[in-house]
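So the chains spell out like this:
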Amino acid sequence: MSEKLQDTALRAILSGLMRLSYPRRVALMGRLVARAFGPLAGYRKRAIANLARVRPDLTPQDRQKIADLVCDNFGRTLIENYSYQEFGARLRDTTPTGDGLHALQEARDTGRPVIFVTGHFGNFEAPRHVLTQSGLTIGGLYRPMSNGYVDAHYRETMTSWGGPVFAQGSRGTMGFARHIRSGGMGTLLFDVHVTEGTAIPFLGQDAFTSLSAAEMALRFDALLIPYFGIRQRDGLSFAVEVDAPIPHGDPLEMMQTATAALEERIARHPAQWFWIHRRWKPAR
């Protein structure tokens, strides 16, 4: 299917779903991706293969069950982010927890920049929503989708609220750096394969990871804080956890600490990480 046809199909689905109530919309999108789009797109198969790679202790039935739940979470996350106004309203009474809240308040009071790092886990926009509602302005650096038609409207889900959002690439990264250097706060997702990255063990397998978040934190004396939005049993609400800042030091060690924070969440909630990613590509 061409990119244009993919975009047309997605727009039609989104248009229909937006007519439903928010809870029905989120649940239905989760089922659609788990039962139809995920298997057709190969997401389910890739999730099972990744699980077999790092969790050989699981039975095939358990890997299949987790893969189905991964696709469900992916669908829910997608429609939640398109429904950003209702999603934000749902999160209004969510109180963040974690050892990083005091340091974050100090940074806010003193104007010290903050770089939040997180992964494709739960809903990665939930922490930004919750902290934005507390009065913070948090921008972001994101990787554009391969389908440019889809990326054009998905980008609006990030830029229509919160702080400035920049697309990865030389121009976007420079814009994000300027935002941080000026005392701003921003978030980036570090759990994607980076060809020129550094091999860091992730779930027992080397994964090529960018050190740029740590390097930028050192360059601009910014706090480097892992945070996560963890989906709750009802499938609609979230817990937001803000970790203590990662101590400044060697960039590799800093990103190893960030990786360990993500691994800890995956151990607790294995179905909430996006196992559909090609995370363990070989080095070029």
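Check the entry above for the structure.
Residues numbered from 1 in each chain as written. Predicted model: local features only at pLDDT ≥ 70, side-chain atom pairs only at ≥ 80, totals over all residues. Heavy atoms only, no water.

**Q** Could you give an account of the sheet that holds strand E8 (residues 238-242), with specific residues and numbers?
**A** Pairing is mixed in the open sheet, where 6 strands are placed in the order E3-E2-E4-E1-E7-E8. Since the sheet does not close on itself, it has two edges, and those belong to strand E3 (165-167) and E8, each with one partner. For this sheet, the mean angle separating the axes of adjacent strands, direction not counted, is 25°. Pairing of strand E1 (residues 114-118) with strand E7 (residues 223-231), which is carried by 4 bridges, proceeds in the parallel orientation. (Pairing = 2+ DSSP bridges. Helix = DSSP H or I, 4+ residues; strand = E, 2+ residues; numbered from the N terminus. Axes fitted to C-alpha atoms, helices over the stretch in contact; angles between N-to-C directions.)

**Q** How would you sum up the side chain of Glu 80? Please name residues and give values.
**A** By the element assignment, Glu 80 lies in helix H4 (residues 60-82). Setting aside residues no more than four positions away along its own chain, Glu 80 makes contact with Tyr 22, Val 26, Phe 87, Asn 123, Arg 231, Gly 235 and Phe 238. (Contact = heavy atoms within 4.5 Å.)

**Q** Quick one: what's the story with helix H3 (residues 43-54), residue by residue and with numbers?
**A** With 12 residues, H3 ought to run about 16 Å at 1.5 Å a step, and its terminal C-alpha atoms sit 17 Å apart, in line with that. What H3 keeps buried is the set Ala 47, Asn 50, Leu 51 and Val 54. With its buried residues spanning 100° around the axis, H3 presents them on a single face. The inward-facing, buried residues of H3 contact H4 and strand E6 (205-209). (Expected span 1.5 Å × (residues − 1). Buried < 20%, exposed > 50% of the residue type's maximum accessible area, 1.4 Å probe, protein only. Arc of directions from axis to C-beta.)

**Q** Quick one: what's the story with the pattern of salt bridges, residue by residue and with numbers?
**A** As enumerated under the stated definition, the model contains 13 salt bridges in all. Measuring nitrogen to oxygen at the nearest pair gives 2.7 Å for the salt bridge that ties Glu 80 to Arg 231. Taken together, the residues span a long stretch of sequence, with Glu 80 in helix H4 and Arg 231 in strand E7 at a distance of 151 residues. Here the two residues Glu 80 and Arg 231 agree in accessibility, since each one is buried. In this structure, Asp 243 and Arg 265 form a salt bridge, with 2.6 Å as the shortest nitrogen-oxygen distance. Of this pair, Asp 243 sits in the loop between E8 and helix H12 (251-268) while Arg 265 sits in helix H12, placing them 22 residues apart in sequence. You can call Asp 243 buried: its relative accessible area is 18%. Judged by relative accessible area, Arg 265 falls into the buried class, the value being 5%. Each of Glu 241, Asp 243, Glu 264, Arg 265 and Arg 268 takes part in a single network of salt bridges with overlapping partners. (Salt bridge = Lys/Arg side-chain N within 4 Å of Asp/Glu carboxyl O.)

**Q** Tell me what's going on with the packing of aromatic side chains, and back it up with residues and numbers.
**A** Under the criterion given, the structure shown has 13 aromatic pairs. Look at Phe 74 and Phe 274: their rings are 5.6 Å apart centre to centre, the planes differ by 75°, and that puts the pair in the edge-to-face class. Residue Phe 74 is located in helix H4, and its partner Phe 274 is located in the segment after H12; the two are separated by 200 residues in the primary sequence. The interplanar angle of 80° and the centroid separation of 5.7 Å between the aromatic rings of Phe 87 and Phe 238 together place this pair among those described as edge-to-face. Placement of the pair is Phe 87 in helix H5 (residues 84-90) and Phe 238 in strand E8, with a sequence separation of 151 residues. Within the aromatic cluster, the residues linked to one another by ring pairs are Tyr 43, Phe 74, Phe 124 and Phe 274. (Phe/Tyr/Trp six-rings, centres within 6.5 Å; stacked < 30°, edge-to-face > 60°.)

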